[in-house]
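The lines below spell out each chain.
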Amino acid sequence: MAADDAQYLDDQIKGEIETNSEETTKLTQSSTSKKMAINLSNIKVQDWFQRQRNSIKPWSEFLNSKKFRPPKSVAIGGKRIISNVTNFQSNYLFVFLGLLIFCLLTSPILLIAMGACLGACYIINLKNADRKIVVMGKEISLVQQYAAVGVLSFPLFWIAGAGSAVFWVIGASLFCILLHASMFSGGDGEQDPFELEMESV
């Protein structure tokens with residue numbers, strides 16, 4: 001009888017050890033997969049920025065004042081905009097980022113709000129890399145945590161005037177990009193189609 005009890009206890013202990021080891025393995029695999037996903041997303045972002053940096057046209061060409069002239073017609077202006085947005089896409093991206101940085105630097109409250117929001121997201125990322133966060137016995141996913149940070153940050157961004165800053169950055173970027181794209185003359189194929197038709201007649 002004592003031998004049977006001892007055997008039963010041994011089986012229970014082995015079962016618990018196997019269960020604990022399986023749970024530990026699952027937790028390790030999930031944390032590893034999360035870290036790999038984060039690393040892969042960081043690599044993709046870095047690759048995208050690297051491609052944008054490599055495709056930047058020389059700023060001396062981008063700001064060459066000799067090539068700035070008003071378009072002769074609306075059709076030529078439209079062709080210029082399409083051509084220049086395609087050719088100077090990376091340059092225009094850095095113009096947008098420059099205006100965004102300028103807007104943040106000239107608005108200290110908005111800069112503090114942005115720093116607080118990014119800092120909270122970074123802390124959440126670090127905590128979830130180690131273990132899952134559980135509140136009142138319920139597991140909170142990473143998306144829900146980011147959503148909570150966004151909701152809690154909304155009043156701070158509202159006070160800092162983030163809405164007007166966003167519209168200012170978008171408006172200023174569109175103005176600068178469209179002005180440059182319509183005024184910068186590449187010199188290739190910019191003759192008015194109406195003029196070509198008149199010449200052929």
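Residues numbered from 1 in each chain as written. Predicted model: local features only at pLDDT ≥ 70, side-chain atom pairs only at ≥ 80, totals over all residues. Heavy atoms only, no water.

Chemist: Is there a simple way to explain the confidence of the model for the chain in this structure?
Modeler: The predicted coordinates ought not to be read in detail in places where the model reports low pLDDT. Per-residue confidence for the chain gives a mean pLDDT of 76, with 71% of residues at or over 70. Mean pLDDT values for the elements of the chain range from 48 in helix α8 (residues 193–200) up to 91 in helix α7 (residues 162–183). Under a pLDDT of 50 for its full length, residues 194–201 has, in the predicted model, three contacts with residues more than four places off or in other chains. (pLDDT = per-residue confidence, 0-100. Helix = DSSP H or I, 4+ residues; strand = E, 2+ residues; numbered from the N terminus. Contact = heavy atoms within 4.5 Å.)

Chemist: I'm lost on the environment of R51 in this one. Help?
Modeler: Following the sequence through the fold, R51 ends up in helix α1 (residues 2–54). You can call R51 exposed: its relative accessible area is 52%. For the pair R51 and S90, spaced 39 residues apart in the sequence, the C-alpha separation amounts to 9.0 Å. (Buried < 20%, exposed > 50% of the residue type's maximum accessible area, 1.4 Å probe, protein only.)

Chemist: What is the right way to read the packing of aromatic side chains from this model?
Modeler: To describe a pair of aromatic rings, you give the distance between the ring centres and the angle between the ring planes. Within this structure, the stated rule accounts for eight aromatic pairs. Between F154 and W158, the ring centres sit 6.1 Å apart and the planes meet at 35°, which makes this aromatic pair tilted. You can see F154 and its partner W158 sitting in helix α6 (residues 142–160), four residues apart, about one turn around the helix. The exposure classification of F154 matches that of W158, with both residues exposed. Taken together, W59, F62, F68, F88, Y92 and F184 form an aromatic cluster joined through their ring pairs. (Phe/Tyr/Trp six-rings, centres within 6.5 Å; stacked < 30°, edge-to-face > 60°.)

Chemist: Quick question: what am I supposed to make of the packing of helix α3 (residues 74–87) against α7 here?
Modeler: Packed helices, taken two at a time, are described by their axes: the angle between them and the distance between them. Contact geometry for α3 and α7: axes closest at 7 Å, N-to-C directions at 110°. By the angle between their directions, the pair α3 and α7 is classed as roughly perpendicular. The chirality of how α3 crosses α7 is right-handed. For the pair α3 and α7, the contacting residues are R80, I81, N84 and V85 in the first and L178, H180, A181, S182 and M183 in the second. Residues that form the contact of α3 with α7 fall into these classes: five nonpolar, three polar and one charged. (Axes fitted to C-alpha atoms, helices over the stretch in contact; angles between N-to-C directions. Parallel < 35°, antiparallel > 145°, perpendicular 65-115°, else oblique. Left-handed = near helix turned anticlockwise from the far one by under 90°. Nonpolar A, V, L, I, M, F, W, Y, C, P; charged D, E, K, R; others polar.)

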